[in-house]
Amino acid sequence: MDLGQRKRWNENHKQLTSLIFAEEKHSQAVELFLNQHALLHSSQMNHSSVTTLEDHLLDQMAEHTFRTYPVKVPGTKNSIAWHLWHITRIEDMTMNVLLNDVDQVFEMGNWKDRLQVNYIHTGNGMTEEEVADLSSKINLSALLAYRLEVGHRTREIAASMLPGQFNQKVDPNRIKKLNDNGAVKQEESWLLEYWGNKRLGGLILMPATRHIFLHLNKAVRIKEKLQKHNELG
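In the annotation of an unreviewed UniProt entry, the protein chain is listed under the name DinB-like domain-containing protein and assigned to Paenibacillus motobuensis.

In structure tokens:
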């Protein structure tokens, strides 16, 4: 996914924003979302020949690059491992619990053990020691498999939404379910409040698309900087 493709992704996201709450344009909005979303996950997810932003990130990425923490990149010091964990946990929580009122993928597939992590929350508010721990221990292949399963589920959920549902407010009981399940650290409860003030279409626009796009771009910048440094070194 080159610079031109990223620019088109941004333009299409603006179009999605204009469509998502228009009930009469529901089918068009879902189709555009699915196209946008596909570009943020591995091309394996959609059996596509198009190079996605995740493909671009993972291409020839050394495991050391994936795990390095802290990093010195504008806007972040967190590792690529943390960014991929963070966007996948948030997509899992918001799409499955808040949109679809079902359990998270994470909770149904023994993912905590498979990922080899000691955390279940979004990653917001982690200490430096916790980020370093996650970055060094998380299983990369399991994380990519988890991302793939979460992406598939998101697409199924979006495709099943009915006209008018994107305008519905997030159900407070679903927010409570996330809180009870330890989805966010207690000191990061603002995130649950933020989601709770959204309409369902707003969750499609941010966690399921824009949020992933922003973090993958940060991850690409980390990769490029670290690998350039290694080449020069």
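Okay, back to it.
Student: Looking at this structure, how should I read the overall build of the protein chain?
Tutor: Of regular secondary structure, the protein chain possesses 13 helices and zero strands. Its C-alpha radius of gyration of 17 Å places the protein chain within 12% of the 17 Å reference for a compact globule of 233 residues. For the protein chain, the proportion of its 233 residues judged to be buried stands at 52%. Across the protein chain, contacts joining residues at least 24 apart in sequence account for 75% of those joining residues at least 6 apart. Per element, the accessible surface of the protein chain, about 11,000 Å² overall, is 49% carbon and sulfur.

Student: Please explain the pattern of salt bridges as it appears in this structure.
Tutor: When their charged atoms lie close together, side chains carrying opposite charge are able to pair. In total, this model carries 10 salt bridges according to the counting rule given. With a closest N to O distance of 3.0 Å, Asp103 and Lys177 form a salt bridge. Of the two residues, Asp103 sits in the loop between helix H6 (80–99) and helix H7 (105–108) while Lys177 sits in helix H11 (residues 172–180), which places them 74 residues apart along the sequence. On the accessibility criterion, Asp103 (34% relative accessible area) is partly exposed. Lys137 is paired through a salt bridge with Asp133; the nearest N and O atoms lie 2.8 Å apart. One end of the pair is Lys137 and the other is Asp133, both in helix H9 (residues 128–137) and four residues apart, which spans about a single turn. What makes Lys137 partly exposed here is its relative accessible area of 45%. The buried category is assigned to Asp133, whose relative accessible area is 17%. Through salt bridges with shared partners, a single network forms among Glu130, Lys185 and Glu187.

Student: What should I look at first to understand the packing of H6 against H9 in this one?
Tutor: A pair of packed helices can be characterised by two numbers: the angle between their axes and the separation between those axes. Close contact between H6 and H9 brings their axes to 8 Å; oriented N to C, the two are set at 95°. Our classification of the angle between H6 and H9 gives roughly perpendicular. Contacts between H6 and H9 involve Ala81, Trp82 and Trp85 on the former and, on the latter, Val131, Leu134 and Ser135. Here the residues of the contact of H6 with H9 sort into five nonpolar, one polar and no charged.

Student: In this structure, what is going on with the nonpolar core? I would like to understand it.
Tutor: In summary, soluble globular proteins display a tendency toward joint burial of nonpolar side chains. Core analysis: the biggest nonpolar cluster contains 38 residues, and Phe66, Leu115 and Ile138 have the highest contact counts within it. Those elements that provide at least two residues to this core are helix H4 (53–58), H6, H7, helix H8 (111–115), H9, helix H10 (140–160) and helix H13 (200–232). Of the residues forming this core, the biggest block, seven residues, is contributed by H13. Met95, Leu99, Ala158 and Ile204 belong to the second-largest nonpolar core, a separate cluster that totals 31 residues.

Student: Just checking my understanding: could you explain the layout of surface pockets for this structure?
Tutor: Any space left empty among the atoms is revealed by the rolling of a water-sized probe across them. If you add up the space inside the largest pocket, you get close to 160 Å³. Across the lining of the largest pocket, the residue classes break down as seven nonpolar, four polar and no charged.

Student: Explain the packing of aromatic side chains to me, please; I cannot follow it from the model alone.
Tutor: Centre-to-centre distance and the angle between the planes together describe a pair of aromatic rings. Evaluated as defined, the whole model comprises four aromatic pairs. Ring geometry for Trp85 against Phe106: centres 6.0 Å apart, planes inclined by 85°, an arrangement best described as edge-to-face. Taken together, the residues span a long stretch of sequence, with Trp85 in helix H6 and Phe106 in helix H7 at a distance of 21 residues. When sorted by exposure, Trp85 lands in the same class as Phe106, which is buried. Members of the aromatic cluster, joined through ring pairs, are Trp85, Phe106, Trp111 and Tyr146. Of note, Arg89 hangs over the ring of Trp85, and the distance from its end group to the ring centre comes to 5.7 Å. Directly above the aromatic system of Phe21 lies the positively charged group of Arg199, at a separation of 3.7 Å from the ring centroid.

Analysis parameters
- Note on numbering: residues in each chain are counted from 1, in written sequence order.
- Where local features are concerned, this predicted model is filtered to residues with pLDDT of at least 70; where side-chain atom pairs are given and counted, the filter is 80 or more; whole-chain, interface and lining totals use all residues.
- To obtain the side-chain values, all non-hydrogen atoms of the structure were included, while hydrogens and water were left out.
- The helix count covers DSSP runs of H or I at least four residues long, the strand count covers runs of E at least two residues long, and both are numbered beginning at the N terminus.
- Within these notes, the globule rule equals 2.2 Å times the number of residues to the 0.38 power, and the radius of gyration is based on C-alpha atoms.
- Only protein chains enter the accessibility calculation, which uses a 1.4 Å probe; a residue is then buried when its area is under 20% of its type maximum, exposed when over 50%, and partly exposed in between.
- Only heavy atoms enter the contact rule, under which two residues are in contact if any of them lie within 4.5 Å.
- Computed with the Shrake-Rupley method and a 1.4 Å probe, the accessible areas treat only the protein chains shown as cover for residues.
- A carboxyl oxygen of Asp or Glu within 4 Å of a side-chain nitrogen of Lys or Arg is what we treat as a salt bridge.
- Helix axes are fitted to C-alpha atoms over the stretch in contact, other axes to C-alpha atoms as well, and angles between N-to-C directions run from 0 to 180 degrees.
- The cut-offs work like this: below 35 degrees is roughly parallel, past 145 is roughly antiparallel, 65 to 115 is roughly perpendicular, and the gaps in between are oblique.
- Under the grouping applied here, Gly and all other residues not named as nonpolar or charged are polar, the nonpolar ones being Ala, Val, Leu, Ile, Met, Phe, Trp, Tyr, Cys and Pro and the charged ones Asp, Glu, Lys and Arg.
- The nonpolar core is taken to be a set of buried Ala, Val, Leu, Ile, Met, Phe, Trp, Tyr and Cys residues, with the residues joined through side-chain atoms within 4.5 Å.
- Method remark: on a 1 Å grid restricted to protein atoms, a set of points is classed as a cavity if a 1.4 Å probe fits but cannot get out and as a pocket if it is open with protein on both sides within 12 Å along at least five of seven lines; lining residues have an atom within 4 Å of a point.
- Grid points are joined across faces, edges and corners, and a volume is the space filled by probe spheres set on the points.
- Ring geometry is summarised as follows: Phe, Tyr and Trp rings, the Trp one being its six-membered ring, pair when their centres sit within 6.5 Å, and such pairs are stacked at plane angles under 30 degrees, edge-to-face over 60 and tilted between the two.
- By definition, being over a ring means that NZ of Lys or CZ of Arg is both within 6 Å of the ring centre and within 35 degrees of the ring normal.

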